Amino acid sequence: DKLSNLFVQVTDDLSYSRTFYPNRSVRVYLNNIAQKVFQKIYRNRTSKRRRFVEFWKDELPAIIWESRKELTLAFILFWGALFIGVFSCIQNPDFPRTILGDRYVDMTIANIKSGDPMAVYKSAHQGSMFLQITFNNLLVDLITFISGIFFSIGTIGSVVYNGIMVGAFQYFFYEHDVFAESFLAIWLHGTIEISTIILSAAAGLTLGKGLVFPGTYSRLQAFRISARRGLKIMIGVAPLTVFAAIIESFATRYTDVPDFVRGLLILISLTF
């Protein structure tokens, strides 16, 4: 970066000298320096491998920091909607059927009565379950992000809907006295999975921010900048979504693992 700045300064001085001192040796002197600096910059250009590392180590965290207001808003919206889902279930016991569907509710009630409330995670082969969950979760993340193009309103609607659904889903198990078991199973993968939804919402709000608050840029210029930032956040979200699907498909089904171990894994995921 310092070398690039020096190169800009030297080329500025070189242009000035060519205009006002065309016959002086300072023009040749500055031209030689500019050539040497250019060669150093070109020779030491960032390799693809280094660029990849720098994206995850520096660039992505910097973008998340720049989008911290959008991330905070997405976090508040999701957890606010979650409590709305819980409150709705308290007020109306049939609300889980409205948000989750009769088929899923009836199946889960049957699993609870049979003594295995988390049987839904054991019903499919790990490989096919992984592909289905990965596709579904990536689609949810993508919809949450892209809907930000509607001046962020679509993103807000998506994150609120998902929050209400999670709240109703979790309260449903609480109502049937299997909260502890459901918590340890669901949040084993849900800690990272829900984080990706919130991050996708932050990316969608960042996308829409350029349209809603263009600042000193034209609306199109602001949208291009915000879209680039939002897209980079989504690149960071994608591997986390896949990792959450791996946990849900291959690990969540083992409900006989000691509660301490599952609780520790949830804590590690939350810390991460």
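What you see is a predicted model; the values in this text were computed from it and never measured. (Residues numbered from 1 in each chain as written. Predicted model: local features only at pLDDT ≥ 70, side-chain atom pairs only at ≥ 80, totals over all residues. Heavy atoms only, no water.)

**Student:** In this structure, what is going on with the overall build of the protein chain? I would like to understand it.
**Tutor:** Counting secondary structure elements, the protein chain contains 11 helices and 0 strands. Its C-alpha atoms give the protein chain a radius of gyration of 26 Å, clearly above 19 Å, the size a compact globule of 272 residues would have. Seen along its three principal axes, the alpha-carbon backbone of the protein chain occupies a region of about 95 × 40 × 30 Å. Considering the protein chain as a whole, with its 272 residues, one finds that 39% of them fall into the buried category. Taking contacts inside the protein chain between residues at least 6 apart in sequence as the whole, the part at least 24 apart equals 76%. (Helix = DSSP H or I, 4+ residues; strand = E, 2+ residues; numbered from the N terminus. Rg over C-alpha atoms; globule rule 2.2 N^0.38 Å. Buried < 20%, exposed > 50% of the residue type's maximum accessible area, 1.4 Å probe, protein only. Contact = heavy atoms within 4.5 Å.)

**Student:** Could you clarify how one ought to interpret the packing of aromatic side chains in this entry?
**Tutor:** Where two aromatic rings form a pair, the distance of their centres and the angle of their planes describe that pair. Going through the model one piece at a time under the given rule, you end up with 16 aromatic pairs. Ring geometry for tyrosine 174 and phenylalanine 179: centres 6.2 Å apart, planes at 85 degrees, overall edge-to-face. With a relative accessible area of 47%, tyrosine 174 lands in the partly exposed category. What makes phenylalanine 179 partly exposed here is its relative accessible area of 36%. The aromatic ring of tryptophan 65 is capped on one face by arginine 68, whose charged end is 4.0 Å from the ring centroid. (Phe/Tyr/Trp six-rings, centres within 6.5 Å; stacked < 30°, edge-to-face > 60°. Lys NZ or Arg CZ within 6 Å of the ring centre and 35° of its normal.)

**Student:** Whenever I open this one, the environment of glutamate 175 confuses me. Can you help?
**Tutor:** On the secondary structure map, glutamate 175 appears in helix α8 (residues 153-175). Counting along the chain gives 86 residues from glutamate 175 to cysteine 89, while the straight-line C-alpha distance between them is 9.2 Å.

**Student:** Honestly, the nonpolar core in this entry has me stumped. Any pointers?
**Tutor:** Looking at soluble globular proteins, one finds that nonpolar side chains tend to be buried together. In terms of nonpolar packing, the biggest core is built from 40 residues, with Phe78, Phe173, Ile186 and Ile194 touching the most fellow members. Looking at this core, the elements that each hand over two or more residues are α4 (68-91), α5 (95-100), α6 (102-113), α7 (126-146), α8, α9 (179-212) and α10 (219-250). At 12 residues, α9 tops the list of elements feeding residues into this core. Excluding residues within four positions of it along the chain, phenylalanine 78 makes contact with Val159, Asn162, Gly163, Val166, Ile194 and Ile198. Core analysis: the second largest hydrophobic core is formed by 10 residues, Ile63, Ala203, Met234 and Val237 among them. (Core = buried A, V, L, I, M, F, W, Y, C linked by side-chain atoms within 4.5 Å.)

**Student:** Looking at this structure, how should I read α10?
**Tutor:** The end-to-end C-alpha distance of α10, which contains 32 residues, comes to 46 Å, matching closely the 46 Å that a straight helix rising 1.5 Å per residue would cover. Along α10, the helix axis deviates most sharply at valine 237, where the bend reaches about 25 degrees; the proline proline 239 sits within four residues downstream. (Expected span 1.5 Å × (residues − 1). Bend = angle between axes of the 7 residues up to and from the residue.)

**Student:** Before we go on, may I ask you to explain the packing of α9 against helix α11 (residues 259-271) in this structure?
**Tutor:** Pairs of packed helices are described in terms of their axes, by the angle between the two and the distance that separates them. As a packed pair, α9 and α11 sit with axes 9 Å apart at the nearest point and diverge in direction by 30 degrees. In terms of their interaxial angle, α9 and α11 are classed as roughly parallel. The chirality of how α9 crosses α11 is left-handed. Between α9 and α11, the residues in contact are Glu181, Phe183, Leu184, Ala185, Trp187, Leu188, Thr191 and Ile192 and Asp259, Arg262, Gly263, Leu265, Ile266, Ser269 and Leu270, respectively. Among the residues forming the contact of α9 with α11, the class breakdown is 9 nonpolar, 3 polar and 3 charged. (Axes fitted to C-alpha atoms, helices over the stretch in contact; angles between N-to-C directions. Parallel < 35°, antiparallel > 145°, perpendicular 65-115°, else oblique. Left-handed = near helix turned anticlockwise from the far one by under 90°. Nonpolar A, V, L, I, M, F, W, Y, C, P; charged D, E, K, R; others polar.)

**Student:** Teacher, can you tell me more about the confidence of the model for the protein chain here?
**Tutor:** Parts of the model with low pLDDT should not have their predicted coordinates read in detail. Per-residue pLDDT for the protein chain averages 91, and the proportion of residues at 70 or more is 98%. For the protein chain, per-element mean pLDDT is lowest for helix α2 (residues 25-43), which scores 84, and highest for α4, which scores 96. (pLDDT = per-residue confidence, 0-100.)

**Student:** Teacher, can you tell me more about the pattern of salt bridges here?
**Tutor:** Note that side chains of opposite charge can pair when their charged atoms are close. A full pass over the atoms with the stated rule returns 11 salt bridges. In this structure, the salt-bridge partner of glutamate 66 is arginine 229, at a minimum N-O distance of 3.7 Å. Of this pair, glutamate 66 sits in helix α3 (residues 48-66) while arginine 229 sits in helix α10, placing them 163 residues apart in sequence. Judged by relative accessible area, glutamate 66 falls into the partly exposed class, the value being 45%. The shortest N-O distance in the salt bridge between arginine 97 and aspartate 102 comes to 3.3 Å. One salt-bridge network, in which partners are shared between bridges, spans Arg51, Glu59 and Lys232. (Salt bridge = Lys/Arg side-chain N within 4 Å of Asp/Glu carboxyl O.)

**Student:** Explain the side chain of threonine 144 to me, please; I cannot follow it from the model alone.
**Tutor:** Following the sequence through the fold, threonine 144 ends up in helix α7. Polar contacts involving the side chain of threonine 144 include one to the main-chain carbonyl oxygen of valine 140, which spans 2.8 Å. Excluding its chain neighbours within four sequence positions, the residues that come into contact with threonine 144 are Thr155, Ser158, Asn162, Ile197, Ser200, Ala201 and Gly204. (Polar contact = N/O pair within 3.5 Å; in protein donor to acceptor, adjacent residues only side chain to side chain.)

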